[in-house]
Structure formats: C-alpha cells, structure tokens
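What follows is the residue order along each chain.
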Amino acid sequence: MRVIPAIDLKDGRCVRLRQGDMAAETVYSEDVPSVARRWQEQGADLIHVVDLNGAVDGEPKNLSQIQAVMKTVSVKVQVGGGIRTIETVRTYLQAGVARVVLGTAALTDRAFLAQACREFPRRILLGLDARDGKVAVKGWTTVSETRAIDLLKELAAHELGAVIYTDIARDGMLSGPNLAALREVVESSSLPVIASGGITRVEDLQAVQALGPRVEGAIVGKALYDGKLDYAAAVAAIRNR
C-alpha cells in the first residue's frame with residue numbers, strides 16, 4: 001500500500017482546509033514545487049495534487065503551479081479539482097501528469113467520463129467524495145442525493161484506474177478515517193481503492209491496509225504538514241507489516 005502525500009492548492013499556495021471549507025484554510029507554503037520536492041526526497045513515488053479553486057470554479061486555476069511541480073519532481077503525480085472537459089484532461093496528461101481525478105463530472109457528465117476513459121484507459125480516477133454517504137460535488141459545496149456506493153456500482157463498466165474515497169467529515173480533522181465506510185467501498189468496488197480523509201497516525205494507515213489487497217494507497221495531508229505523522233516512519237510501518 002502506498003502512502004500518498006497530498007498537496008492542496010489554493011490561490012497558488014499549498015494549504016489545508018477543514019472539511020473542505022474554503023474559508024477554513026491553513027497556509028503551509030508559498031513555494032509549491034519545493035513541497036513536492038520534499039515528498040520526493042522522503043521517498044514518495046506518487047503525489048496527489050488538488051486544485052481547490054478549480055474544484056469550486058469548474059476549470060483549472062492553479063495550472064502554472066502544477067506545471068512547475070511536474071518540472072521539479074520525477075515521481076508520478078495525480079491531479080484533481082475542476083476537471084470538467086476532455087481538453088483539461090488532455091492538458092494535464094500532456095504536461096506529464098500520470099492520472100487525473102474526476103469527481104463532479106463523474107456524477108453530472110457521463111458522456112465526458114466515458115470519453116475520458118476510452119481515450120485514456122486506466123489513467124482516469126473516480127473521486128468519490130461523500131458526506132453522510134452521499135456524493136458531494138463542486139468542491140464539496142453541493143451534496144447530491146446519490147449514494148456513493150450506488151455511483152461506484154454504476155460506473156463499474158468504465159476503464160477507470162482506481163477510486164479515491166474521501167469522507168468529507170473526516171478531512172483535515174485529524175480524527176482518523178471512517179473505516180466502516182471504507183470497508184463498504186472496498187467490498188463494493190471492482191477497482192483499486194485509495195483512502196482519503198482523517199488519516200493521522202501510523203495505526204490509521206495499518207487499519208486501512210488491513211481492509212485488504214484492493215486498497216492501493218492512502219492519501220495523507222494535514223497530519224504530515226502538522227508533524228503528527230512522519231512520512232518515512234509511516235512508509236516503514238506499512239512495508240514491515
């Protein structure tokens with residue numbers, strides 16, 4: 001299982017939010033490429049980047065920062081946030097991004113999702129962001145009536161690379177992951193699963209890993225930036241199990 005450091009971008013800076021609230025931010029760095037370089041130097045082989053402004057506005061807003069990251073690191077980078085057109089998918093993948101994450105579009109624009117998966121098989125990830133089990137969209141500003149598990153099952157036929165499941169109530173709260181919800185996703189998914197939201201301690205990572213071989217990775221953000229979790233120690237603990 002991979003431990004995947006997150007870089008959340010807002011107004012060109014590396015930040016973390018509480019439960020996706022754009023007004024509840026903590027700024028960690030103005031130098032985004034250096035943050036990516038630090039995770040590469042500590043052993044990360046995949047970095048998760050989110051364009052928070054893009055997620056709300058529906059189009060890339062931090063593209064120059066993401067391009068700078070791509071020029072700085074040699075490890076794989078996956079990007080989400082505001083990817084609502086095939087042109088945006090192409091722009092990111094042509095810039096060297098390994099995989100892109102579709103969240104809102106997966107719910108609202110099935111034709112686009114299908115085209116992206118056909119054009120770039122296994123390089124499209126499903127971003128399944130849930131509040132109380134319901135899918136949240138548009139940068140988590142709107143909660144649909146669609147159950148996350150139902151959407152996951154509906155999209156099973158597409159050539160997706162993985163599903164990233166985020167429990168919004170846990171995100172940025174350092175309260176531990178929602179293991180019950182994650183277990184349901186793992187049991188319902190034919191895709192590899194990446195856990196996100198609330199992971200704070202080595203024990204949280206081990207609990208996620210224990211959900212089985214379908215779990216490809218766990219995204220960690222605030223705990224790393226606040227120093228509550230040491231990246232190298234976290235990776236060692238997972239490898240040694």
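Residues numbered from 1 in each chain as written. Predicted model: local features only at pLDDT ≥ 70, side-chain atom pairs only at ≥ 80, totals over all residues. Heavy atoms only, no water.

### Comments concerning the overall build of the chain
- When helices and strands are counted, the chain shows eleven helices and twelve strands.
- Expected size for 241 residues packed as a compact globule is a radius of gyration near 18 Å; at 16 Å, the chain falls within 12% of this value.
- For the chain, with 241 residues in total, the buried portion stands at 56%.
- Considering only contacts within the chain whose residues lie at least 6 apart along the sequence, 67% involve residues at least 24 apart. (Helix = DSSP H or I, 4+ residues; strand = E, 2+ residues; numbered from the N terminus. Rg over C-alpha atoms; globule rule 2.2 N^0.38 Å. Buried < 20%, exposed > 50% of the residue type's maximum accessible area, 1.4 Å probe, protein only. Contact = heavy atoms within 4.5 Å.)

### Looking at the pairing of strand 7 (residues 124-131)
- By the criterion of burial, strand 7 is predominantly enclosed, with seven of the eight residues buried.
- Examined bridge by bridge, strand 6 (residues 99-102) and strand 7 share three bridges and lie parallel to one another. By the bridge assignment for strand 7, Val-101 is matched with Leu-125.
- By the bridge criterion, six bridges tie strand 7 to strand 10 (residues 162-167) in an arrangement that is parallel. Looking across to strand 10, one finds that Leu-125 is bridged to Ala-162.
- By the bridge criterion, two bridges tie strand 7 to strand 8 (residues 134-137) in an arrangement that is antiparallel. Paired with Arg-131 across the strands is Lys-134, a residue of strand 8.
- A loop of two residues connects strand 7 with strand 8, the two strands running antiparallel in sequence, and Asp-132 in this loop sits at a positive phi of about 55 degrees. (Pairing = 2+ DSSP bridges.)

### Some remarks on the packing of aromatic side chains
- Overall, the coordinates contain three aromatic pairs when judged by the stated rule.
- Here the aromatic rings of Trp-39 and Tyr-225 are separated by 5.6 Å at their centres, their planes lie at 85 degrees, and the arrangement is edge-to-face. Here Tyr-225 lies in helix 10 (residues 222-225) and Trp-39 lies in helix 1 (residues 32-41), a separation of 186 residues in the sequence.
- Residue classification places Trp-39 among the buried positions, given a relative accessible area of 3%. (Phe/Tyr/Trp six-rings, centres within 6.5 Å; stacked < 30°, edge-to-face > 60°.)

### Quick word on helix 1
- Val-32, Pro-33, Val-35, Ala-36 and Trp-39 are the residues of helix 1 that are buried. Looking straight down helix 1, one finds that the buried residues subtend no more than 160 degrees of arc, so they occupy a single side.
- One or two steps after helix 1, the chain reaches Gly-43, where phi turns positive at roughly 110 degrees. (Arc of directions from axis to C-beta.)

### Structural notes on the nonpolar core
- One finds Ile-7, Trp-39, Val-89, Ile-124, Leu-128 and Leu-205 to be the most contacted residues of the largest nonpolar core, which totals 70 residues.
- With near-sequence residues (within four places) excluded, Val-89 lies in contact with Ile-83, Val-100, Leu-102, Phe-112, Phe-120 and Ile-124.
- Counting residues in hydrophobic clusters, the runner-up holds nine residues, among them Leu-46, Val-101, Leu-125 and Ile-164. (Core = buried A, V, L, I, M, F, W, Y, C linked by side-chain atoms within 4.5 Å.)

### Focus: the UniProt feature "active site" (unreviewed entry) in the chain
- Here, the residues flagged by UniProt with the feature "active site" (unreviewed entry) are Asp-8 and Asp-129.
- Checked against the element boundaries, Asp-8 lands in strand 1 (residues 2-10).
- Contact partners of Asp-8, with chain neighbours within four places excluded, come to Arg-13, Cys-14, Val-15, Arg-16, Val-50 and Leu-52.
- Tracing the chain through its elements places Asp-129 in strand 7.
- Discounting chain neighbours no more than four positions away, the residues touching Asp-129 are Lys-134, Val-135, Ala-136, Trp-140, Thr-166 and Ile-168. (UniProt positions renumbered as here; feature names shortened; annotations may be inferred.)

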